[in-house]
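Chain by chain, the residues run as shown.
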Amino acid sequence: MVKKALITGITGQDGSYLAELLLSKNYEVHGVVRRASSINTSRIDHIFDPEDSSRIHFGQLENGIDNLLYSIKPDEVYSIGSMSHVKVSFDIPIYTADVTGVAPLRILEGIKNGIKSDILSPDIKFYQASSSEMFGITPPPQSETTLMLPVSPYGCAKLFAYHATRAYRFGYKMFACNGILFNHESERRGETFVTRKVTRAIARIKYGLQDKLILGNLEAKRDWGHSKDYMEAIHMIMQHNEPDDFVVSTGETYTVRQFVEEAFNYVGLDPYKYLVIEDRCRRPNEVPALLGDSSKIRKVLGWKPKILFKELVKLMIDNDVKILGEELRGKGKII
């Protein structure tokens, strides 16, 4: 029997990699897409026909997706969609709380009511994309049992959804689980996130289109992995024989400065010829250090990351250099 999966946030970095993975495993994959005036499906156009409304569905997480749940009747629901930019969450905290925190609760409630009404199978599974930002200022390393002290509206919203997931698991015996994912990047990372901001700037500098890179805090430490690896981890979490919560991380930490230096050194450039530090790029509250202890998922599920720091940086730079080069050649600006 073919499994059905419903993914919120399918047009994002994680959603697109997850959709590819599930399709490779012969799932029938459905995705929720936010309606926008401009095209926002570029990450999934290679796997879905943009005109196929039987698989891609418009919806707003702040209004709930009960109708989709009850018409599709998925076996697995992956709650990935959110307002995911930490710095921006300080500018739009209420929207962040609604879309990132309360929206997963709406889905959980919809599943609970669907099971109660015999519309949905009691075996339906729910995954919540939790975040290392929930740990906030708690010193590393951080595991499933570490105290969580978030310091951003995004981290607070994610913590609400994390506990809501656990509450429905314990209270209603639902298969509801959390993946506490540490920073995960890729060639598909949004262009406003610091890693992609760095790699795109390097591509533009290489082609003479940019002469500086503006950043904020260079000393923040992060545990960076590749999104594709982490989507394999969350699928394994959903196939486990019982619902549980797992930290997903590489177990290595690097500063933003080290990311910048590694990236510039890879293309033979001196970062300090281009780097400009401005306070406007800093967050009101900063998370100083994140380092995930993923020993539980490695032991229980046998997962481990395949792509580590240096290869991640290389993949992202190569991709941005290639994309920009093709764009400029298409415009006849380089041969």
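The rules behind these values
- Residues numbered from 1 in each chain as written.
- Predicted model: local features only at pLDDT ≥ 70, side-chain atom pairs only at ≥ 80, totals over all residues.
- Heavy atoms only, no water.
- Pairing = 2+ DSSP bridges.
- Helix = DSSP H or I, 4+ residues; strand = E, 2+ residues; numbered from the N terminus.
- Axes fitted to C-alpha atoms, helices over the stretch in contact; angles between N-to-C directions.
- Contact = heavy atoms within 4.5 Å.
- Core = buried A, V, L, I, M, F, W, Y, C linked by side-chain atoms within 4.5 Å.
- Buried < 20%, exposed > 50% of the residue type's maximum accessible area, 1.4 Å probe, protein only.
- Phe/Tyr/Trp six-rings, centres within 6.5 Å; stacked < 30°, edge-to-face > 60°.
- Salt bridge = Lys/Arg side-chain N within 4 Å of Asp/Glu carboxyl O.

### A few points about the sheet that holds strand S1 (residues 4-8)
Read across the open sheet, the 7 strands follow the order S3-S2-S1-S4-S5-S6-S11; overall the sheet is parallel. If you trace the sheet from one side to the other, it starts and ends with strand S3 (56-58) and strand S11 (245-248), each paired once. Put simply, the sheet's adjacent strands are angled 20° from each other on average, direction ignored. Two strands pair when backbone bridges link them, and strand S5 (residues 125-131) and strand S6 (residues 175-181) are joined in this way by 7 bridges, in the parallel orientation. Residue pairing across strands places Ala-129 opposite Gly-179, the latter belonging to S6. Its contacts with the sheet place helix H4 (residues 93-116) against S1, strand S4 (76-79), S5 and S6, and it is angled at close to 165° to S5.

### Section: the nonpolar core
Residues Ile-7, Ile-10, Tyr-78 and Tyr-127 are the most contacted members of the largest nonpolar core, which totals 31 residues. Elements with a minimum of two residues in this core: S1, helix H1 (13-24), strand S2 (28-33), S5, S6, helix H7 (227-239) and S11. Per-element tally for this core: the top contributor is H7, with 6 residues. Apart from residues no more than four positions distant in its own chain, Ile-7 is found in contact with Gly-15, Leu-18, Ala-19, Leu-22, Val-29, His-30, Gly-31, Val-32, Tyr-78 and Ile-80. If you look at the next biggest cluster of nonpolar residues, it comprises 26 residues, including Val-198, Leu-213, Trp-224 and Leu-312.

### Considering unusual backbone geometry
Of note, the bond from Pro-140 into Pro-141 is cis; its omega dihedral lies within 30 degrees of zero at 0°. Turning to its location among the elements, Pro-141 is positioned in the loop between S5 and helix H5 (153-172). Look at Asn-26: it is not a glycine, yet its phi comes out positive at around 70°. For Asn-26, the position within the fold is in the loop between H1 and S2. Unlike most non-glycine residues, Lys-73 shows phi in positive territory, near 55°. Here Lys-73 lies in the loop between helix H2 (66-72) and S4. On the accessibility criterion, Lys-73 (42% relative accessible area) is partly exposed.

### Observations regarding the side chain of His-30
Topologically, His-30 is positioned in strand S2. Judged by its relative accessible area of 4%, His-30 is buried. In this structure, His-30 is in contact with Ala-5, Leu-6, Ile-7, Ile-10, Ser-54, Arg-55, His-57 and Ile-72, ignoring residues within four places of it in sequence.

### Focus on the packing of aromatic side chains
The tally for this structure, following the rule as stated, stands at 9 aromatic pairs. Between Tyr-168 and Tyr-172, the aromatic rings sit 5.0 Å apart at their centres with planes inclined by 50°, giving tilted as the arrangement. With a gap of 4 residues between them, Tyr-168 and Tyr-172 both fall in helix H5, about one helical turn apart. Residue Tyr-168 is classed as buried on the basis of its relative accessible area of 10%. Tyr-172 sits in the partly exposed class, given a relative accessible area of 44%. Within the aromatic cluster, the residues linked to one another by ring pairs are Trp-224, Tyr-254, Phe-259 and Phe-309.

### A few points about the environment of Arg-257
Mapped onto the elements of the fold, Arg-257 is located in helix H8 (residues 256-266). Considered as a pair, Arg-257 and Asn-217 are 40 residues apart in the sequence and their alpha carbons are 8.5 Å apart.

### As for the pattern of salt bridges
A complete count under the given rule lists 21 salt bridges for this structure. Between Asp-98 and Arg-106 there is a salt bridge, and its shortest N-O distance comes to 2.8 Å. Overall, Arg-106 belongs to the partly exposed group, its relative accessible area being 26%. A salt bridge links Glu-327 to Lys-331; the shortest N-O distance between them is 3.4 Å. Given the relative accessible area of 39%, Glu-327 is considered partly exposed.

The values are spatial; any link to function lies outside them.
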